[in-house]
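Examination of the molecular architecture
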Amino acid sequence: MTGVFGLYNKLTSIGVSATDIDYKKSVIRITNSIALVFFAAGFIYTSFSFFLAPQLVDVCIFLFIGSALIIGLNYLQMVDVSRVAFTLLISLDVAVYHGYLVQAGEPLIISIYIGQFVVAILPWIYIDIREKWLLSIALLISFSVFVIQPWTNEFLTIEMESSMFRDNVFAIPTFVFSIGALLYCMYLLQRKNVVAEKHSNKLLESIREQNKDMEARQVQLMKLLDENTKAAETEEKRNWIALGLSQLGGTLRGTIDANFYHSLVAELVEFMKMNPGGNLCGGRGAW
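Residues numbered from 1 in each chain as written. Predicted model: local features only at pLDDT ≥ 70, side-chain atom pairs only at ≥ 80, totals over all residues. Heavy atoms only, no water.

**Some words on the overall build of the protein**
Counting secondary structure elements, the protein contains 11 helices and zero strands. Counting from the amino terminus, helix and strand elements in the protein follow one another as α-α-α-α-α-α-α-α-α-α-α. A buried classification covers 36% of the 287 residues belonging to the protein. Taking the contacts inside the protein whose residues are at least 6 apart along the sequence as the reference set, 68% of them involve residues at least 24 apart. (Helix = DSSP H or I, 4+ residues; strand = E, 2+ residues; numbered from the N terminus. Buried < 20%, exposed > 50% of the residue type's maximum accessible area, 1.4 Å probe, protein only. Contact = heavy atoms within 4.5 Å.)

**Brief notes about a nonpolar patch on the surface**
Taken together, Tyr 75, Leu 76, Met 78 and Val 81 make up a surface patch of nonpolar side chains, about 420 Å² in accessible area. Among the secondary structure elements, Leu 76 is positioned in the loop between helix H3 (57-75) and helix H4 (79-101). (Patch = residues over 30% accessible without salt bridge, like charges linked within 9 Å, V, L, I, M, F, W, Y side chains within 5 Å. Areas by Shrake-Rupley, 256 points an atom, 1.4 Å probe, with all protein chains shown as cover. Salt bridge = Lys/Arg side-chain N within 4 Å of Asp/Glu carboxyl O.)

**Re H3**
Along its 19 residues, H3 runs 28 Å from first to last C-alpha, staying within 8% of the 27 Å computed at 1.5 Å per residue. What H3 keeps buried is the set Val 57, Val 59, Cys 60, Leu 63, Phe 64, Gly 66, Ser 67, Ile 70, Ile 71, Leu 73 and Asn 74. On its buried face, H3 sits against helix H2 (22-52) and H4. Following H3 by one or two positions, Gln 77 has its phi on the positive side, about 65°. (Expected span 1.5 Å × (residues − 1).)

**Here we look at the side chain of His 98**
Looking at where His 98 falls in the secondary structure, it is placed in helix H4. Within the structure, His 98 has its side chain in polar contact with the side chain of Gln 116 (distance 2.6 Å). If sequence neighbours within four positions are ignored, His 98 has contacts with Leu 108, Ile 109, Ile 112, Tyr 113, Gln 116, Gln 149 and Asn 153. (Polar contact = N/O pair within 3.5 Å; in protein donor to acceptor, adjacent residues only side chain to side chain.)

**Details of unusual backbone geometry**
When glycine is set aside, most residues are seen to have a negative phi, and most peptide bonds are trans. Backbone geometry places Gln 77, a non-glycine residue, at a positive phi of 65°. Summarising the element assignment, Gln 77 is placed in the loop between H3 and H4.

**A word on the packing of aromatic side chains**
In this structure the tally under the stated criterion is 16 aromatic pairs. Ring geometry for Phe 39 versus Phe 64: centroids 5.6 Å apart, planes at 85°, classification edge-to-face. Taken together, the residues span a long stretch of sequence, with Phe 39 in helix H2 and Phe 64 in helix H3 at a distance of 25 residues. When the centroid spacing of 5.5 Å and the interplanar angle of 45° are considered together, the rings of Phe 86 and Tyr 126 count as tilted. Here the residue Phe 86 occupies a position in helix H4, and Tyr 126 occupies one in helix H6 (residues 123-126), the gap between them amounting to 40 residues. Comparing Phe 86 with Tyr 126, the two get one shared label, buried. (Phe/Tyr/Trp six-rings, centres within 6.5 Å; stacked < 30°, edge-to-face > 60°.)

**Some remarks on the environment of Leu 134**
Mapped onto the elements of the fold, Leu 134 is located in helix H7 (residues 132-147). In this structure, the C-alpha to C-alpha distance between Leu 134 and Val 81, residues 53 residues apart in sequence, is 9.5 Å. Excluding residues within four positions of it along the chain, Leu 134 makes contact with Asp 80, Arg 83, Val 84 and Ile 127.

**Topic: the side chain of Ser 178**
Following the sequence through the fold, Ser 178 ends up in helix H9 (residues 168-252). Using a relative accessible area of 4% as the deciding quantity, one classes Ser 178 as buried. Setting aside chain neighbours within four positions, we find Ser 178 in contact with Ser 111, Ile 114, Gly 115 and Val 118.

**Section: the confidence of the model for the protein**
When pLDDT is averaged along the protein, the result is 83; 87% of the residues meet or exceed 70. In the model of the protein, helix H11 (residues 276-280) stands out as the element of lowest mean pLDDT, 50, in contrast to H7, which has the highest, 94. Every residue in residues 278-287 is under pLDDT 50, and counting partners more than four places away or in other chains gives 15 contacts. (pLDDT = per-residue confidence, 0-100.)

**Digging into the environment of Tyr 8**
Locating Tyr 8 in the fold gives a position in helix H1 (residues 2-12). When the C-alpha positions of Tyr 8 and Leu 36 are compared, they lie 9.2 Å apart, and in sequence the two are 28 residues distant.

**Here we look at the environment of Tyr 187**
Tracing the sequence through the fold places Tyr 187 in helix H9. Relative accessible area serves as the criterion here: at 47%, Tyr 187 is assigned to the partly exposed category.

**Some words on the packing of H2 against H4**
Packed helices, taken two at a time, are described by the angle their axes make and the gap between the axes. Put simply, H2 and H4 touch, their axes get as near as 11 Å, and they point 25° apart. Considered as vectors, H2 and H4 are oriented roughly parallel to each other. When you trace H2 past H4, the crossing you get is left-handed. In contact with Lys 24, Val 27, Ile 28, Thr 31, Ile 34, Ala 35, Phe 38, Tyr 45 and Ser 49 of H2, H4 contributes Val 79, Asp 80, Arg 83, Phe 86, Ile 90 and Tyr 97. Residue composition of the contact of H2 with H4, by class: 10 nonpolar, two polar and three charged. (Axes fitted to C-alpha atoms, helices over the stretch in contact; angles between N-to-C directions. Parallel < 35°, antiparallel > 145°, perpendicular 65-115°, else oblique. Left-handed = near helix turned anticlockwise from the far one by under 90°. Nonpolar A, V, L, I, M, F, W, Y, C, P; charged D, E, K, R; others polar.)

As structure tokens, this is what we get:
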């Protein structure tokens, strides 16, 4: 079972590049997933038509070969081309199949027409809303083919017995496939949202961790800056004292005469940046 899921993941990841933005990766995987579904459907309907409508085998073969080519286009990084081509492929293929089955004067085959409606809304699944032009083109193609189906039936004619395609033997499996395909596509869309939410939560958690780390670094930096400031102040005081001692030492080593104390006090006043009259002589004027 693990091997099957592993193969499925490899097939749906074809064309996904590490440089692609996140939503692009999701739509590529979804396109590949839906292409695999229609590849299987083409094979099943080819087998089914081989016994009931051999004239339509080529139409069914075109569906599963075309689905494989869509995955090939994704592999070649032609993602936008592949999705428009996929819309054309499945819309026209089902329309042609339906058109050949309906004989002149007969109404639409409801089970197939419901399947066409599912096909018409598929671009909403494998094209992101941010790709507005691509989505608009794909929806225009798919719904145009869906709406003109009654006229398409008038131009596509192959004489064959088609009553069996209106029986429950064909209608019920077709209903089941159409609803199943729609539910599967809705699951892919929901899964895309869940993955995007998990990725967003992971980014938010990463941002929170980075903020905590930055705050811790800021505290550490402020502490280091404070320590450096204190160290600089201490060093400045030490240099100031050393300078003062050096200057006073020079004076003390001089000759002691009548001007010795005058020179010593002048040296101290200059070094200490003091007011000689106020600080040293009690505010009584010059010394």
